[in-house]
Amino acid sequence: MAELAESVAAPGTGAAVPLAPGGAQLDERDAAAPAKPVARQRVRSLAQRMFVVLLVAFVAKQLFAVAAFPAFSGHDEVAHFSYVRTLATEARVPVLPELEAWRTSRQLGQEPAGDFFDTDLYPWCRFTLDWYCEPDHPRWGSDPPRVVTVRQSFYPSGFQYAANHPPLYYALMSPVYLLGRGFSLETQQALLRLATIPFGVATVFLAYRLARTLFPDDSFLAITVPAFVAFQPQISYESAMVNNDILGIALLSLVLYLCVLGLRDGFSRRLSLALGVAVGLSLLAKGTSLMAIPVVGLAVLLGVGWRDPLGVARRGVWIGLPTAALAAPWYWFLYRTYGNIDGFEQIAALQWWNRPLGGFFQLLVDRDFVLLRFKETWGEYGWRQIHLDDRLLWAIAVVSILGVVGLVAYAVLARRGAPPAWDDSTLRPSAWQVKALVVLFAACVVGYLAVVQFGTRFALTQARYYFPVVIAAAILSMLGLRTLIPAVWRPIGRGIVVAALVALNVTLFVGYVLPFHASIVAQMPWLTDGTVVADDLPTVRTRGGQDNPFGEFGR
Amino acid sequence: MMPGGVPSIDDGKSAVVSGGRDAAAVAGGDRTETARVEDQDRQARRPPPWLGRALWALVMVAILGPLLVFPVTLGAGDDVGDAVRLPAVLRSFDRTLAATGWGDAARVFVWGVAGLALLAAFALLWVAFASEE
């Protein structure tokens, strides 16, 4: 695919400048032909060099992150680990208990249906939701509670609440789990964490390809866009955890990249089928990938044109067939098992505390809701365990606001036309580039609205549900910053952007992540035979998911 | 008019190259010359090449210096912890690594990749600050 993009945008081919009606852009292309290949070759060489170094930095950072975050401390890591275990050892997908059926079975003294976490995972119960957690209690430590009472009603405790997630990630991880079976639980989960790094690499690679495809002459974007993705703290975190988010992020990144290719080269049958496969796989990776459907629809509509309904319909079939073929069995399984296609009814009944946050429009303008999403985008880590300092958040906010302001300035300049003296092809996007940017912007909007919509049903809506559009957000925010930097200062500007990202990561690891690790290990002496105690270490106070007052969730 | 002020030979209008140079000869057909002149212009307006390298060195000092000189305040908000020196933070992580029982080889590996990540990040900055474009 990379070769396809590269060959089409290769120096001198001019294919990146599509033929406009009347051939105007073709004329321009011909005139610039001798100058462009040199500049493009230079950008490509610099970008390639940078990308190789970036990958080394990213992989090394991820390897370190696997060890730097305490075992099972990622959001729902225990649940994801348990899912992999069930699939690998029993060759089946776990199932959510149905609350009423579970209560009836319990009353009758029967074994209730539904999957529960294995007892050996109880030492890490503080990182789960819905598992009454007192691992150093003489009784519960050896016989973890499976039932709790809430306002005199019985509820299951320690049930597999990730059972309604689609199976692709867990199927891919099963061989890794089986390979590591002889090792300790910590080592097994570390191996699974290592196996998620390639999905992070794929996301960074797709960010690079997207920038190079969309603006092949632009070294600022070729360097800062993949760097943004590689050093975005929460994307990195997802790529060093046992979770299906990072696979969803990588696959949705592929969907966005293919959409941009389609807008540039046309939605051929081959590309449309590939897009359908990517959408189908992303739906098998994470339910939030449903956001791909309107985005792909918009891309096809813009690419083919609303005046050609037959062409749009044909692409719809080409994309829809593989999507349906891949995803339908999973949704059929959900419907057969739960009577709905997401298992949310069952989750809502089981998680008595996980109630709607408010109405859609109410959340859309709720200041606290927006603020917490921002905090989760850059920090918090897992179930809101590591809070970032306000000054650091303000610094990030200022740069983010600058990115938005710059993007608006870019839109104005691109629409009105930049002054002729400005030697900047990025400021003069051709029609397909404008459409691609519209699609990427729409992806970000859809991603955020999906998080808001989820909040109307569950308090535990989180920023990570919009992480799958990270490469779109990266290109738009870097495009914004780029617009604010004068052309001659851009080499310096891109260095400063990358430096800020590196500095952010160093600060987070030294000031937050490593002390958090020490705190957790000190607070869980049963994992280390008491060799590490809190008094010995510089630590921070920590809060696990279960220590959070539920009233604070989502607000 | 072409992006970048390069005159189009087809538009039939008088063309002006950025920087105010007379473009008549260029519009006559010598596009390679146009590119060369444009390139010279761009080079002349660009910050000196040493500036990127100097900034790179400055950034390294700015990132690592405060960590080496000043104590790090751990945590934030309600969870703010102690202010401690960097070596203490690293030592504590090393001890927790040791306590997790992965053995010395794993510890060396973890510290090795941390060093490699830092080195690669600074190499990345070197490339990012490179003035060529």
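First, a word on scope: everything that follows refers to the structure included in this document. (Residues numbered from 1 in each chain as written. Chains lettered and ligands numbered in written order. Predicted model: local features only at pLDDT ≥ 70, side-chain atom pairs only at ≥ 80, totals over all residues. Heavy atoms only, no water.)

As for the packing of helix H12 (residues 292–304) of chain A against helix H18 (residues 431–455) of chain A
Residues and elements named next belong to chain A.
Then step 1. With their axes 9 Å apart at the nearest point, H12 and H18 run at an angle of 160° to one another. Considered as vectors, H12 and H18 are oriented roughly antiparallel to each other. Here H12 and H18 pass one another in a crossing that is right-handed. Where H12 abuts H18, its residues Pro294, Val295, Leu298, Ala299 and Leu302 lie against Lys435, Val438, Val439, Ala442, Ala443 and Val446.
Then step 2. The class makeup of the residues in the contact of H12 with H18 is ten nonpolar, no polar and one charged. (Axes fitted to C-alpha atoms, helices over the stretch in contact; angles between N-to-C directions. Helix = DSSP H or I, 4+ residues; strand = E, 2+ residues; numbered from the N terminus. Parallel < 35°, antiparallel > 145°, perpendicular 65-115°, else oblique. Left-handed = near helix turned anticlockwise from the far one by under 90°. Contact = heavy atoms within 4.5 Å. Nonpolar A, V, L, I, M, F, W, Y, C, P; charged D, E, K, R; others polar.)

Section: the pattern of salt bridges
Residues and elements named next belong to chain A.
Then step 1. What the rule picks out here adds up to 19 salt bridges over all chains.
Then step 2. The partner of arginine 482 in a salt bridge is aspartate 218, with the nearest N and O atoms 2.4 Å apart. Within this pair, whereas arginine 482 is found in helix H19 (residues 470–484), its partner aspartate 218 is found in the loop between helix H7 (185–214) and helix H8 (219–231), the two being separated by 264 residues in sequence. Taken as a pair, arginine 482 and aspartate 218 share a single burial class, namely buried.
Then step 3. One salt bridge connects arginine 373 with glutamate 376, and the closest N-O pair in it is separated by 3.0 Å. With arginine 373 and glutamate 376 both in helix H16 (residues 367–378), this residue pair falls three residues apart, about one helical turn. Of the two residues examined, arginine 373 and glutamate 376, each falls in the buried class.
Then step 4. One continuous salt-bridge network, built from bridges that share partners, spans Asp76, Asp245, Lys286 and Arg464. (Salt bridge = Lys/Arg side-chain N within 4 Å of Asp/Glu carboxyl O. Buried < 20%, exposed > 50% of the residue type's maximum accessible area, 1.4 Å probe, protein only.)

Focus: the layout of surface pockets
Residues and elements named next belong to chain A.
Then step 1. Volume-wise, the largest pocket comes out at about 1,900 Å³.
Then step 2. Considering the residues around the largest pocket, the lining is formed by 49 residues, among which Phe374, Trp378, Ile396, Ser400 and Ile401 are closest to the centre.
Then step 3. By residue number, the principal contributor to the lining of the largest pocket is helix H17 (residues 390–416), which donates 14 residues.
Then step 4. Here the lining of the largest pocket is composed, by residue class, of 39 nonpolar, six polar and four charged. (1 Å grid on protein atoms, 1.4 Å probe; cavity = no way out; pocket = protein on both sides within 12 Å on 5 of 7 lines; lining within 4 Å. Points joined across faces, edges and corners; volume = space filled by probe spheres on them.)

Description of the environment of A:Ala250
Then step 1. With respect to the element layout, A:Ala250 can be found in helix H10 (residues 245–265).
Then step 2. Considered as a pair, A:Ala250 and A:Gly200 are 50 residues apart in the sequence and their alpha carbons are 6.9 Å apart.

Quick notes on the state of the cysteines
Residue and element names in this part refer to chain A.
Then step 1. Tallied over the full model, the rule gives one disulfide over all chains.
Then step 2. One disulfide bridge connects cysteine 125 with cysteine 133, the sulfur atoms lying 2.0 Å from each other. Judged by the sign of its S-S torsion, about 70°, the cystine formed by cysteine 125 and cysteine 133 is right-handed.
Then step 3. Using a relative accessible area of 23% as the deciding quantity, one classes cysteine 133 as partly exposed. (Disulfide = S-S within 2.5 Å.)

Concerning empty space enclosed by the protein
To find leftover empty space, a probe the size of one water molecule is rolled over the atoms.
All names here are of chain A.
Then step 1. This structure, assessed with the given rule, holds seven cavities of 30 Å³ or more.
Then step 2. Lining the second largest cavity are 15 residues; nearest its centre among them are Gln234, Glu376, Gly382, Gln462 and Arg464.
Then step 3. For the lining of the second largest cavity, the leading source of residues is helix H9 (residues 233–238), giving three residues.
Then step 4. Classifying every residue of the lining of the second largest cavity by side-chain character gives five nonpolar, five polar and five charged.

Structural notes on unusual backbone geometry
Residue and element names in this part refer to chain A.
Then step 1. With a phi angle near 65°, phenylalanine 72 is a residue other than glycine that sits in the positive phi range.
Then step 2. Position of phenylalanine 72 relative to the elements: it lies in the loop between helix H3 (35–68) and helix H4 (77–90).
Then step 3. Its identity is not glycine, yet aspartate 76 carries a phi of approximately 60°, on the positive side.
Then step 4. Mapped onto the elements, aspartate 76 comes out in the loop between H3 and H4.
Then step 5. By relative accessible area, aspartate 76 is classed as buried at 8%.

Thoughts on the pairing of strand S1 (residues 147–150) of chain A
Residues and elements named next belong to chain A.
Then step 1. Side chains Val148 and Val150 project from S1 onto a buried face, and the interleaved Val147 and Thr149 project onto a face without burial.
Then step 2. As paired elements, S1 and strand S2 (residues 153–156) share four bridges and run antiparallel to each other. Across the sheet, valine 147 pairs through a bridge with proline 156, a residue of S2.
Then step 3. Here S1 hands over to S2 after two residues, with arginine 151 in that stretch at a positive phi of 45°. (Pairing = 2+ DSSP bridges.)

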